[in-house]
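# Overview (structure and organization)
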Amino acid sequence: MRRAACLGLLLALHGPVPAIAAGEIALPLSAAAVPSEGRLETIWHWGVGAARLIPAALDVHPSGLVWGIEARRHRLFRCSLDGSDLEFAAGGEGPVELGFASHVFARSGLSVFTLDPWNQWIERYDLAGVREGRLDLAAILEQAGESLIDPVDFCLRRSGELFVLDREAGRILAFDEEGRFGGTIGELGAQALRDPLALDVDGHGRLYVLEADPPELLILELAAKRFTHRPLDAEGDWVPVSLAIDPWGTAFIGDASTGRIRVEPHTGEVGWWLDVSADGLTPSDLAADGVRLLVGDRDARQVWVFLLTYQRRESPRDGASGSR
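Here the residue numbers are simple positions, counted from 1 along each chain's written sequence. In keeping with the model being predicted, local features are shown solely for residues with a pLDDT of at least 70 and side-chain atom pairs are shown and tallied solely at 80 or more, while totals for entire chains, interfaces and linings include all residues. Note: side-chain values were computed over all heavy atoms of the structure, leaving out hydrogens and water.

## Describing the pairing of strand β11 (residues 162–166)
Working note: regular strand, side chains alternate between the two faces of the sheet. The following threshold applies: Each residue is placed in one exposure class: buried if its accessible area under a 1.4 Å probe, protein chains only, is under 20% of its type's maximum, exposed if it is over 50%, and partly exposed if it falls in between. To qualify as a helix, a DSSP run of H or I must reach at least 4 residues; to qualify as a strand, a run of E must reach at least 2; elements of each kind are numbered from the N terminus. A pair of strands is considered paired only if DSSP assigns at least 2 bridges between the two.
Judged by how many residues are buried, β11 sits mostly within the fold: five of five residues are covered. By the alternation rule, side chains of β11 split into L162, V164 and D166 and F163 and L165, which are all buried. Here five bridges tie strand β10 (residues 151–156) to β11, and the two strands are oriented antiparallel to one another. Residue P151 lies in a different strand from β11, and its bridge partner there is D166. Taken together, β10 and the strand that follows it, β11, pair antiparallel across an intervening segment of five residues, in which G160 is found at a positive phi of about 105°.

Given below as structure tokens:
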């Protein structure tokens, strides 16, 4: 049996559909905002020619630091707000084991987390890039009589709850601060997860699941124990491949077939396509911080940075109970 290793990941979960914890309502979001347009601001790349760093995953810390994973050795890196001063994370405690990390989550305050789908573990780093701990998902689930088949994405709420998307099993798994398995989310009323490929969270703690075929979003409001089904109607065939959610709940969805970015406002208004104006863009991974949209492009070995224009809106969904 594999040994569980939670190492104090500071998670707080009390069941598969938990209420909002006290820490999550401490700081209200400002008035709801919705992006109305976006333009290409700049392009980041690190290295020269074939030796360029390949960005596999991206996220933005509230301080503005950009965190990512490079594809060759699956190493965690960070850079400043303008894409400069890139540094790789250190090994930290124990021997350095690079593993196969492919996803990063940096919006949880004092720590940055990575997901290694192959080894089925979550690693935690401090803001200096030093590894602090590891959560062995497979070992924890084995002790609970469960298993993890195909972990493709993960996220954390500001209160610390951790959610891992198991695509093949069509469910979301939850874990508590002691490393215990907290339950699953699979059947959502009459709606079951069919082919979920991405998972994210907004500043209010709502979970967003991107379904592949047909393209649609499922929005889970855990405190109210309900979900919203949002079809992603758009002209022509498109293939969703990546997802980012801004603090207010607007979804950005990468289209693998055309390289476009679909924008779905949280207000329920008609979605629109971001004019990327970039030949051959491949939206491998997305990150949205409420100001810019970062598009990690594995094929071009660079990051496209789009500046977003937001309009303030009043929305009954975004009350004072939200947090950022």
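## So, the sheet that holds strand β25 (residues 292–297)
Note: strands within a sheet are paired through backbone hydrogen bonds, in either parallel or antiparallel orientation. Heads up, the rule is: The convention used is that axes are lines fitted to C-alpha atoms, helices contributing only their stretch in contact, and that angles between N-to-C directions extend from 0 to 180 degrees.
Strand order in the open sheet made by the four strands is β1-β26-β25-β24, with antiparallel pairing throughout. Pairing within the sheet leaves two strands with one partner each, and these edge strands are β1 (33–44) and β24 (285–288). Within this sheet the neighbouring strands show an average axis-to-axis angle of 20°, counted without direction. Taken together, the four bridges between β24 and β25 define a ladder with antiparallel strand orientation.

## A closer look at the sheet that holds β10
Sheet architecture is open: four strands sit in the order β10-β11-β12-β13, paired in antiparallel fashion. The open sheet terminates on both sides in strands that have one partner only, identified here as β10 and β13 (181–185). When strand polarity is set aside, the average angle formed by the axes of neighbouring strands in this sheet is 25°.

## Details of the side chain of E211
Our working definition: Charge counting treats Lys and Arg as positive and Asp and Glu as negative, with His and both chain ends excluded. By convention in these notes, a salt bridge is any Lys or Arg side-chain nitrogen within 4 Å of a carboxyl oxygen on Asp or Glu. N or O atoms within 3.5 Å of each other form a polar contact, as long as, within protein, one can give a hydrogen and the other can take it, and as long as residues adjacent in sequence are counted only when both atoms are side-chain atoms.
Its place among the elements puts E211 in strand β17 (residues 207–211). R194 provides the closest opposite charge to the buried, salt-bridge-free E211, at an N-O distance of 4.5 Å. There is a polar contact of 3.0 Å between the side chain of E211 and the backbone nitrogen of R194.

## Re unusual backbone geometry
Positive phi, close to 60°, is recorded for H74, a residue that is not glycine. Residue position: H74 is located in the loop between β3 (66–70) and β4 (76–79). Even without being glycine, R301 reaches a positive phi, approximately 55°. Among the structural elements, R301 can be located in the loop between β25 and β26 (302–312).

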